[in-house]
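So the chains spell out like this:
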Amino acid sequence: MQNILIAEIKQEISTFNPVPSTEHDFVTHFGDEIVRVHRGLNSEMAGALDVFNQRNDIALKPTYSARAITSAGVLRATGWQHLASHFLEAIQAAANAAPIHGVYFSMHGAMSAEGELDPEGYLLAQTRAILGQRVPIVVSLDLHGILTDRMLEHSDAVVPYHTYPHTDFYPTGARAARLLLLRILDGEVKPVTARVAIPALVRGDELITASGLFGRQIRRAEAFEASGGPSAGMFIGNPFTDVPELRCDSVVVSNDDPAAAAQLAERMAADFWACHEKMQVPLTSLTDAANLACELVPGTTILVDAADATSSGASGDSNAILGALMAANYGGRALLPIVDAPAVQAAFAAGIGATIQVTIGGALDKKRYTPIQMTLKVRLLSDGDFVSESDGAVWHGGLTAVLQNEHYTIVATSRAVSLYNRSLFYAHGCDPAKYDCVIVKSPQCERHMFRDWSARYIDVDAPGSTSANVRSLGHTIAQRPLWPLDAVEHFTPKARIFRRPV
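Fair warning: this is a prediction, and the values are worked out from it, not measured in the lab.

Visitor: Let's hear about the overall build of the chain: which residues, and what values?
Guide: Broken down by element type, the chain carries twelve helices and 21 strands. Over its C-alpha atoms, taken along the principal directions, the chain stretches across nearly 70 × 50 × 40 Å. Out of the 502 residues belonging to the chain, those deemed buried represent 62%. Excluding contacts between residues fewer than 6 apart, the proportion of contacts in the chain whose partners are at least 24 apart in sequence is 76%. With an accessible surface of roughly 18,300 Å², the chain has 49% of that area assigned to carbon and sulfur atoms. Measuring between centres, the 41 positive side-chain charges of the chain sit 2 Å from its 53 negative side-chain charges.

This is the structure in structure tokens:
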């Protein structure tokens, strides 16, 4: 019987969001609760658990899970200490109770905390100190993770998502579990990793893996795995997490063949660099976007406010596009989400059917947004818990109110919640397809969510802590030079090899 330890910690942050996150922004579970809450979900942990459960010679040792309710600002030091201590105490308790033969960690890769810019690397290093150097550790990661040297030094293999927008949560966990269980523990694979650091920050439609230029590198990675390779992929980082090793990376895990791993990783990096300048978002100014929306056409106009994408770490309280529409005397019916706890509190105090005067937006990121005075009718009130159409998990927006006047329907939440699908709208009685204009606060959603049926799809150059205009953000920590923050005229891919002690 082999004992497999499993644990999870996941958060993506924006350094440029002025609102810090705390331990209260996480949903946590211990022990067997982890198995229960992931059962039936489209998650990495669910995929891994299903693979592990196919074997009768495996004993699972679930320890600790901390999943951020949504992306947010930098994690406060006290919150980080709280989460890290629980994570490592659970690892230590499992190690004290039984010998550990393998480890699966589900992580994101774009955490950052006060006093610790590489939380995932720290936890991997501390896990090594507890379990020793020979216990294999496999980590699944978001391709928006920042892949640090410390993470690679203390893991045996990393397994990243292969899709953007992300649809392969479950398959990624299953890939990681099969690599750990069926190949490393069973002795089929002696993993060696090649990583090429690429000095670029990228955004835009060319990163859509099904249709964009970035997909070519992903298909090379998939072909490598299909031919028997342990793991391969690309990391495009999170441009809003300002940390030293922020960049893009190609990574290949081979079976005891560093030369082959390096060759493929360098080829992927070279091909990526050859088209990196095309991986930017053509943006439409606020004024022009509002004027286009005012030109009402049959169907729905989507105004993409990726600068306030809560799934990327923004505060969610941007009213910039709302203000531009109002200034342009917009005459249609617009639907938009916003984080505004005071407005929600006023709605609850007044009750359904009441008409209230409130300010909308600018409650959190006060340097970027100025509150807008509005008269609105309270149409619906809820506790803000709803099921995500993407993975089946329950998301928590806090107390939520639907506020409406002649031209605007506002779904106001008390806290930030991921907006990379339509779940918040649907859960609160709003069908986006029935509006003339919808503000979507996500850089990319699966095509069927909005793009396939909308009349127009406009990426707006709005202010925000997750702006695709990355030069506007003010990076101070990331190692330079880094395109497009700097001119990088020459880049020669060179792989670095990582191998665990035999």
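Visitor: Outline the sheet that holds strand β20 (residues 456–461), listing residues and values.
Guide: Sheet strands pair by backbone hydrogen bonding; their relative direction is either parallel or antiparallel. Across the sheet, nine strands lie side by side as β10-β20-β11-β19-β12-β18-β17-β14-β13; this open sheet has mixed pairing. Each of the sheet's edge strands pairs with one partner strand only, and the pair in question is β10 (284–285) and β13 (355–360). Alignment of β10 against β20, held across two bridges, turns out to be parallel. Within β20, the residue paired with T284 across the bridge is V460. This element, helix α10 (residues 320–327), spans β11 (301–304), β12 (334–339), β13, β14 (372–382), β18 (408–413), β19 (437–440) and β20 of the sheet and lies at about 120 degrees to β14.

Visitor: Outline the packing of aromatic side chains, supporting the account with residue identities and numerical values.
Guide: Aromatic ring pairs are defined here through the distance separating the ring centres and the angle between the ring planes. Taken as a whole and assessed by the stated rule, the structure comprises twelve aromatic pairs. When the ring of Y161 is compared with that of F169, the centres are 5.5 Å apart and the planes differ by 90 degrees; the resulting orientation is edge-to-face. As far as burial versus exposure is concerned, Y161 and F169 are alike and both buried. Pairwise contacts between aromatic rings join F30, Y64, F87 and F105 into one cluster. The ring centre of Y435 lies 4.5 Å from the NZ or CZ of R333, which sits over that ring.

Visitor: Go over the environment of F386, please, and point to the residues and values.
Guide: The topology assignment puts F386 in strand β15 (residues 385–387). Under the relative-accessibility criterion, F386 is labelled buried at 5%. Sequence separation between F386 and A346 is 40 residues; the distance between their C-alpha atoms is 22 Å.

Visitor: Give a detailed account of unusual backbone geometry, specifying residues and quantitative values.
Guide: In this structure, the amide linkage connecting R480 to the following residue, P481, adopts the cis form with an omega of 0 degrees. If you trace the backbone, P481 turns up in the loop between β20 and β21 (496–499). Following W483, the chain continues to P484 via a peptide bond in cis, the omega torsion being 5 degrees. Positive phi values are uncommon outside glycine, yet D256 reaches one of about 60 degrees. One can find D256 in the loop between β9 (248–255) and α8 (258–274). Its relative accessible area of 40% is what places D256 among the partly exposed residues. One non-glycine residue, N329, adopts positive backbone phi at about 60 degrees. In this fold, N329 is placed in the loop between α10 and β12. Given a relative accessible area of 66%, N329 falls into the exposed group.

About the cut-offs
- Residues numbered from 1 in each chain as written.
- Predicted model: local features only at pLDDT ≥ 70, side-chain atom pairs only at ≥ 80, totals over all residues.
- Heavy atoms only, no water.
- Helix = DSSP H or I, 4+ residues; strand = E, 2+ residues; numbered from the N terminus.
- Buried < 20%, exposed > 50% of the residue type's maximum accessible area, 1.4 Å probe, protein only.
- Contact = heavy atoms within 4.5 Å.
- Areas by Shrake-Rupley, 256 points an atom, 1.4 Å probe, with all protein chains shown as cover.
- Lys, Arg positive; Asp, Glu negative; His and termini not counted.
- Charge placed at Lys NZ, Arg CZ, Asp CG, Glu CD.
- Pairing = 2+ DSSP bridges.
- Axes fitted to C-alpha atoms, helices over the stretch in contact; angles between N-to-C directions.
- Phe/Tyr/Trp six-rings, centres within 6.5 Å; stacked < 30°, edge-to-face > 60°.
- Lys NZ or Arg CZ within 6 Å of the ring centre and 35° of its normal.

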